[in-house]
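A look at the structure
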Amino acid sequence: MKKFLFIIPQSPKRIITPLRQRLIDASMTSLLQQSSNNWEALLLGDEKRQEGNCHYMHVPVGTKEEKLHFVVDYLLAQKNLPEFIIRFDDDDLIHPELLEMAGKLDFDCYADQWHTFYDVSSGKLSGQKRDWLANTVIHKTEHALASYGEYHYVVHSDLRRPHLLQNDHSKWWHQYYKGKKVVFADKKNPMYVRVLSPTSYTAGANGDELNKEQYLDYLERFGDWSDTVPASFLPYTKQLQ
């Protein structure tokens, strides 16, 4: 049976508003309700404990990039790693049958060609076909830990060549996988949904929620919005309403 490892940089406690906590709770529910139990997760944050398949690791650095640098060094020192690695943010939603479906397929990378977004403020969904790979894809471990690309940040003056997992996904991942076996999920049944909210760092928030005008400007980047949410994700989006 194929084994999967989620890498989840946790949100710093200082930015966790009540809304963001709801996002985190819904995200964890979608992970814990996977129909297959062939997975583990490394959650990178302030705690050190184990709870079921979830291993909480205390990481003595702050930014997401620094956490990824830390965990790659950790993984390179391990033996018998799972066959696949998935980078996943703690405020997004994963398909509850993702690993069961992916376990039946042969691929180097399994991904969404149509990127799917859910807006917390309206309860609506948007999808856009993009030429680059989203943050959350399933990598074969040998590819995730392959040396490739360049750092867009510096950690403790460490200038070694990075590994694929540490790179900017929108810039490097599609280049690396060119000519390799990439399998795309069905447009109507995406592998994950990226949740957009006024607390998002990519929206410009920095610990506080954006005001309505700023957030609406941000949402315009994601095309047309629909009331239809895939049935597999409905239990989790209802947690956010």
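In this report, we go over the structure that sits alongside the text. Fair warning: this is a prediction, and the values are worked out from it, not measured in the lab. Sequence order as written defines residue numbering, which begins from 1 separately in each chain. pLDDT decides what is reported in this predicted model: residues at 70 or higher carry local features, side-chain atom pairs at 80 or more are listed and counted, and totals for whole chains, interfaces and linings draw on all residues regardless. Excluding hydrogens and water, the side-chain values take into account all heavy atoms of the structure.

Only DSSP runs of H or I covering at least 4 residues are called helices, and only runs of E covering at least 2 are called strands; the numbering of each starts at the N terminus. Along the chain, Asp224 turns up in the loop between helix H6 (212-219) and helix H7 (234-237). For Asp224 and Gln128, which are 96 residues apart along the polypeptide, the C-alpha to C-alpha distance reads 9.0 Å. Note on contacts: a residue pair qualifies if any of its non-hydrogen atoms lie within 4.5 Å across the two residues. Here Asp224 is in contact with Leu125 and Ser126, once residues within four sequence places are set aside.

Turning our attention to the side chain of Ser11. As for its placement among the helices and strands, Ser11 is situated in the loop between strand S1 (4-9) and helix H1 (18-32). Assessed through its relative accessible area of 10%, Ser11 is described here as buried. In the analysis that follows, any N or O atom pair within 3.5 Å is treated as a polar contact, provided that within protein one partner can donate a hydrogen and the other can accept it, and provided that, for residues neighboring in sequence, both atoms belong to side chains. Polar side-chain contacts of Ser11 include one of 3.0 Å to the side chain of Arg20. Residue contacts for Ser11: discarding those within four places in its chain leaves Ile16, Arg20, Ile24 and Asp90. Burial classes follow relative accessibility: with a 1.4 Å probe on protein chains only, a residue under 20% of its type's maximum area counts as buried, one over 50% as exposed, and anything between as partly exposed.

A word on the packing of aromatic side chains. For Phe, Tyr and Trp, where Trp contributes only its six-membered ring, two rings pair if their centres lie within 6.5 Å, and the inter-plane angle classes them as stacked under 30 degrees, edge-to-face over 60, or tilted in between. Here the structure, examined in full by the defined rule, presents 11 aromatic pairs. Taken together, Phe4, Phe84, Phe107 and Tyr110 form an aromatic cluster joined through their ring pairs. Lysine and arginine charges are scored as sitting over a ring when NZ or CZ, respectively, is within 6 Å of the ring centre and within 35 degrees of the ring normal. Against the face of Tyr176 rests Lys180, its NZ or CZ located 4.2 Å from the ring centre.

Roughly 270 Å³ of volume is contained in the second largest pocket. In this structure, the second largest pocket is lined by 13 residues; those nearest its centre are Thr116, Leu125, Gly127, Lys187 and Thr228. Ranked by residue count, the leading element in the lining of the second largest pocket is strand S9 (residues 124-129), at three residues. Each residue receives one of three labels: charged for Asp, Glu, Lys and Arg, nonpolar for Ala, Val, Leu, Ile, Met, Phe, Trp, Tyr, Cys and Pro, and polar for the others, Gly being one of them. When the residues that make up the lining of the second largest pocket are grouped by side-chain class, the tally is five nonpolar, five polar and three charged. Whether a set of points on the 1 Å grid over the protein atoms alone is a cavity depends on a 1.4 Å probe fitting there but being unable to get out, while an open set qualifies as a pocket with protein on both sides within 12 Å along at least five of seven lines; lining residues are those with an atom within 4 Å of a point. Grid points are joined across faces, edges and corners, and a volume is the space filled by probe spheres set on the points.

Joining through side-chain atoms within 4.5 Å is the link that ties buried Ala, Val, Leu, Ile, Met, Phe, Trp, Tyr and Cys residues into a set, and such a set is a nonpolar core. Counting residues in hydrophobic clusters, the biggest one holds 24 residues, and the most contacted among them are Phe4, Phe6, Trp39, Ala41 and Ile138. When sequence neighbours within four positions are dropped, the list of residues in contact with Ile138 reads Phe4, Phe84, Ile85, Ile86, Leu98, Ala102, Phe107, Asp108, Cys109, Tyr110 and Met191. Residues Ile7, Val59, Ile85 and Leu165 belong to the second largest nonpolar core, which totals 15 residues.

Turning to the sheet that holds strand S7 (residues 109-111), a few remarks are in order. Paired through their backbone hydrogen bonds, the strands of a sheet run either parallel or antiparallel. In this scheme, strands are said to pair when DSSP sees at least two bridges between them. Reading across the sheet, the eight strands line up as S3-S4-S2-S1-S5-S10-S7-S11 and stay open at both edges, with mixed pairing between neighbours. Only two strands of the sheet have a single neighbouring strand rather than two, namely strand S3 (49-51) and strand S11 (182-184). Neighbour-to-neighbour, the strand axes of this sheet turn through a mean angle of 20 degrees, independent of strand direction. The angle between two axes is taken between their N-to-C directions and runs from 0 to 180 degrees, where each axis is a line fitted to C-alpha atoms and a helix contributes only its stretch in contact. Contacts from H1 reach S1, strand S2 (39-45) and strand S4 (54-58) within the one sheet, and its direction differs from that of S2 by about 155 degrees.

Moving on: the sheet that holds S9. Spatially, the four strands line up as an open sheet ordered S6-S12-S8-S9, and their pairing is mixed. Each end of this open sheet is capped by a strand with a single partner; those strands are strand S6 (93-94) and S9. Note that strand S8 (residues 114-119) and S9 share six bridges and pair antiparallel. Each bridged residue has a counterpart across the sheet, and for Asp119 the counterpart in S9 is Lys124. Of the strands in this sheet, S8 and strand S12 (192-196) touch H6, which is tilted by about 150 degrees from S12.

The topology assignment puts Ser121 in the loop between S8 and S9. Setting aside residues no more than four positions away along its own chain, Ser121 makes contact with Tyr215 and Leu219. A polar contact of 2.7 Å, which involves the side chain of Ser121, links it to the side chain of Asp119.

Everything listed here is a matter of coordinates, which is why it stays silent on function.
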